[in-house]
Structure formats: C-alpha cells, structure tokens
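# Understanding the architecture of this molecule
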Amino acid sequence: MNLIDETIAAIGPLDEAAMRDARDHQARLTKPPGSLGVLEEVSVRLAGLAGQCPPPLPEPAAVAVFAADHGVHAQGVTPWPQEVTAQMVANFLAGGAVVNAFAAQVGAGVSVVDVGVAAELDDGPGLLRRKIAPGTADMTAGPAMTGAQARRAVETGIETARELAGHGARCLITGDMGIANTTASAALIAAFTGLPPERVTGRGTGIDDATHAHKVEVVRAALARHGLPERGRPPLEVLAAVGGLEHAAIAGFVLGAAALRVPVVLDGVIAGAAALAAAALCPDALAGCVAGHRSAEPGHAAAVEALGLRPLVDLELRLGEGTGALLALPLVQGAVRVLHEVATFDSAGVSEKDAGQP
C-alpha cells in the first residue's frame, strides 16, 4: 500500500460518543447553554477528533508554509515578478514577515517547506528542503504537474504533518507562498465546485480591472484545456492538471493530520482549494479542519461553503502565509480550554435556570 492510500485508510470519522460527552459537558458549564456560539461546536468536533472529552489542548501549534512557483505566471496574471517567491521565503526564514509576527504572538513555530520554488534557496533555520520541481508548468498549455509530481507533493504534505506532530505539535496550521498561486487556486476551486471562473477568481495581490479580467480568461482557458470540471475525475488528476505543488502538499498535510487525529486550522484561498482536493480524496479528512478565516478572495467563500466549514474570523484578509489561521488560533484553543477549565454548575455551587422558565 502506498503512503497516500495508507494515510487515507487510517482516517476515520469523528467519534460520536466523545461528541455527545462534549455536548453534555457544555450544557453543565456555568454559562447559558449555547452562549459561546460557534466555539461550542468547535470544541465538540475536536472532542470527536480526539475520541475523548475534553480533547487535548491544541497547543503548541506549528505553521507549515508550503512554497512553490507557478508556470501560469507567464500568462501575465500578476504584476509581481516570480522572484518574489524566493525573496519572501528568505524573509520568512529571517523572521521578517507577517506570518512570523503573528506566530510569535501565539507561540507557534514556523517551518518553510520548499516543494517547488524556482530558485535555489540558502539554508536557514526552519527551511525544509522538499523540492519536487522548480515550479509547475503553464496549466494553459498542458498539465501543471505530472501525475508523479502531484502524488509526490501530496506525500510530502503527509510527511510534513507527521514530522511536525512528531516534534510535539498538537495543532497544525496551513501556510503558503507562491506568486500566481491564486490563479491556480481559482482553477482548482472551479474544477471541484463546478462554479464558473468569474465567480471564484479574485484580485490576489491587488490587480487592476484589466488584469483581473485577463486572469478570469486564463482560468477559463486552463479549465477548457483540461476538460474541467468533469464529474468523477480522480482528484490527483485534477491537482496535476491545474493545481500547484503547494496545493497538493497542503492537501497531503490535511490528510496526514487527519490520520494522526491532530486538528488543522486552514488559512485562506490556497488552503481552501487544497482542502477541496483533500476532501475529494477522503471526505473524513475534514473532520479536524477549522476554517480560520474568510478571505477577501471570492473563491475562498465558495470553497468553505462547499466544504461545509464556518470561518471563525472575517477581516477581509488576503495575504496568505498562514496569517488568518494564526489570528484564529487563540479562538480554537479557547474553545477547548473551556472544556478543561470552566466549572460545572454542580462543582461551583451555582444555581441552574429554573426548568419551568422559558
């Protein structure tokens, strides 16, 4: 059995008994029932993931920033030069990016996983060298990846989840870096949801109207080139056709975490596109996923809706890197901490609501 099949075979559904225990415990805590809203359901799902109530605290957390370049950059979908990918990786490793600031704030570690940067990178603490290819090919001219490359990228994500969890991480956070990766994300989201390119293609780093219109047509051309969307198409084929190396790796990261029963906080549109691929490979892989935020990218709203996830934060972010997920991390941790630390009515000697009152 290969690594992907082995990992999928290890993924199971949420534990219903643990979820029932978590709901019962929430109902006995010193607060009005349901008063913590969405956070209560987060705690219940993470109890189901762990198979126990309360579940382990999702800390410490680790961010994996999967970095790769994209051949579709040649189509003029962004004014940013491709060299920025490698330059930003160097910035991450030097601790100078927003992801580093937000990670420091919540005590999360940051690793940068080079799965496809089109440049040789200098060594630095936190760099994981896992390069599969120096970027993808232009998806409008042919498949972005070979089948072997897509499979290897998914395996790399699984291995990264195992590595970070093996080093003690109890919550994993998706990050990404790659100039033109919102174009590939839009193509993947359209392919997996069936929505038209104009519904799922956003402005990425802030392109003007003319470039945005061109970007929509590039996505449309790529989908037409590969006959997408096509019902029943194997997910790995879809990833190879129009995805990025980092998308495939993040999909594997989600699968790997699910097999380990470790929660994942998803970032924005790149993570959303990758999560669609993971869900297509194994629907139960979403059991431990939390949508950290809702990106300003229209494709992300479509992705989280298709995934059935409720974003915890909506601040019109569109940076990537893992930044929105990191801002949401304390909410996820707080949801679980309530089950560990808040007293019940009985233990605190607090009177409950009169059962006869509405």
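Treat the numbers as computed from the prediction; the structure is a model and nothing was measured. (Residues numbered from 1 in each chain as written. Predicted model: local features only at pLDDT ≥ 70, side-chain atom pairs only at ≥ 80, totals over all residues. Heavy atoms only, no water.)

### As for empty space enclosed by the protein
To keep things clear, this is the line we draw: Only protein atoms enter the calculation, which uses a 1 Å grid: trapped sets of points that fit a 1.4 Å probe without letting it out are cavities, open sets showing protein on both sides within 12 Å along at least five of seven lines are pockets, and any residue with an atom within 4 Å of a point is a lining residue. Grid points are joined across faces, edges and corners, and a volume is the space filled by probe spheres set on the points. Classes in brief: Ala, Val, Leu, Ile, Met, Phe, Trp, Tyr, Cys and Pro nonpolar; Asp, Glu, Lys and Arg charged; the others, Gly included, polar.
This structure, assessed with the given rule, holds one cavity of 30 Å³ or more. Lining the largest cavity we find His70, Val72, Thr136, Ala137, Met139, Ala144, Ala184, Val242 and Gly243. A breakdown of the residues in the lining of the largest cavity according to their chemical character gives six nonpolar, three polar and no charged.

### As for the sheet that holds strand β2 (residues 109-116)
Note the cut-off: Any two strands with at least two DSSP-identified bridges between them are counted as paired. For helices the rule is a DSSP run of H or I covering at least 4 residues; for strands it is a run of E covering at least 2, with both sets numbered from the N terminus onward. Axis definition: a line fitted to C-alpha atoms, over the contacting stretch in the case of helices. Angles run 0 to 180 degrees between N-to-C directions. By the convention used here, residues are in contact when the closest approach between their heavy atoms is within 4.5 Å.
The strand order across the open sheet formed by six strands is β3-β2-β1-β4-β5-β6, and the pairing between neighbours is parallel. Unpaired on one side and paired on the other, β3 (127-129) and β6 (289-291) mark the two borders of the sheet. The sheet shows a mean angle of 25° between the axes of neighbouring strands, direction not considered. With seven bridges joining them, strand β1 (residues 61-68) and β2 adopt parallel strand pairing. Counterpart to Ala62 in the pairing with β2 is Gly109. Most of the contacts of helix α4 (residues 83-94) go to strand β4 (residues 171-177), to which it runs at about 140°, and overall it touches β1, β2, β3 and β4.

### Quick look at the nonpolar core
Where we set the bar: What we call a nonpolar core is a set of buried Ala, Val, Leu, Ile, Met, Phe, Trp, Tyr and Cys residues that are connected through their side-chain atoms within 4.5 Å. Burial classes: relative accessible area under 20% of the type maximum marks a residue as buried, over 50% as exposed, and values in between as partly exposed (1.4 Å probe, protein chains only). Each domain's limits were defined by an automated method or a database of domain assignments.
Counting residues in hydrophobic clusters, the biggest one holds 78 residues, and the most contacted among them are Phe66, Val154, Leu172, Ile189, Val242, Leu255 and Leu266. With eleven residues, helix α12 (residues 269-281) is the single largest residue contributor to this core. When residues of this core are assigned to domains, at least three fall in each of domain 1 (3-55 + 340-348) and domain 2 (61-331). In this view, Leu172 contacts Ala62, Ala161, Leu164, Phe253, Ala257, Val262, Pro263, Val264 and Val265; residues no more than four positions away in its chain are not counted. One finds Ala108, Met177, Val336 and Leu339 within the second-largest nonpolar core, a separate group that totals 43 residues.

### Quick look at the packing of helix α7 (residues 181-193) against helix α10 (residues 235-242)
A pair of packed helices is captured by two measures, namely the crossing angle of their axes and the spacing between those axes. Using the following cut-off: In this scheme, a crossing is called left-handed if the near helix is turned counterclockwise away from the far one by less than a right angle; it is called right-handed if the turn is clockwise.
For the pair α7 and α10, interaxial distance at closest approach is 9 Å and the crossing angle is 150°. In this structure, α7 crosses over α10, and the sense of that crossing is right-handed. The residues of α10 that touch α7, namely those facing Ala184, Ala187, Leu188, Ala191 and Phe192, are Pro235, Val238, Leu239 and Val242. Looking at the contact of α7 with α10 residue by residue, the class counts come to nine nonpolar, no polar and no charged.

### Topic: the domain arrangement of the chain
Where the parts come together, the accessible area they lose is often given as the size of the interface. Cut-off, in case you're wondering: Defined here as a combined quantity, buried area equals the accessible surface (1.4 Å probe) lost by two parts on assembly, summed across both. When a carboxyl oxygen of Asp or Glu lies within 4 Å of a side-chain nitrogen of Lys or Arg, that pair is called a salt bridge.
As assigned here, the chain comprises domain 1 (3-55 + 340-348) and domain 2 (61-331). Relative placement of domain 1 and domain 2: their C-alpha centres are 28 Å apart. Each side of the interface is counted separately: domain 1 has 18 residues, and domain 2 has 27 residues. Among the residues domain 1 hides against domain 2, the three largest losses belong to Ile4, Ile11 and Leu49. Together they make up 34% of the total. Seen at the junction of domain 1 and domain 2, the total is one salt bridge. Note that Arg162 is salt-bridged to Glu6, the shortest N-O span being 3.0 Å.

### Things to note about the layout of surface pockets
Of the volumes computed, that of the largest pocket is approximately 490 Å³. Together, 30 residues line the largest pocket, and Met177, Asn181, Thr205, Arg318 and Leu319 are the ones closest to its centre. Of all the secondary-structure elements, those providing two or more residues to the lining of the largest pocket are α4, β4, α7 and α12. In terms of residue count, α7 provides more of the lining of the largest pocket than any other element does, three residues in total.

### Considerations on helix α13 (residues 298-307)
All of the buried residues in α13 are Gly299, His300, Ala302, Ala303, Val304 and Leu307. Downstream of α13 by a residue or two, Gly308 has a phi angle that is positive, lying close to 75°.

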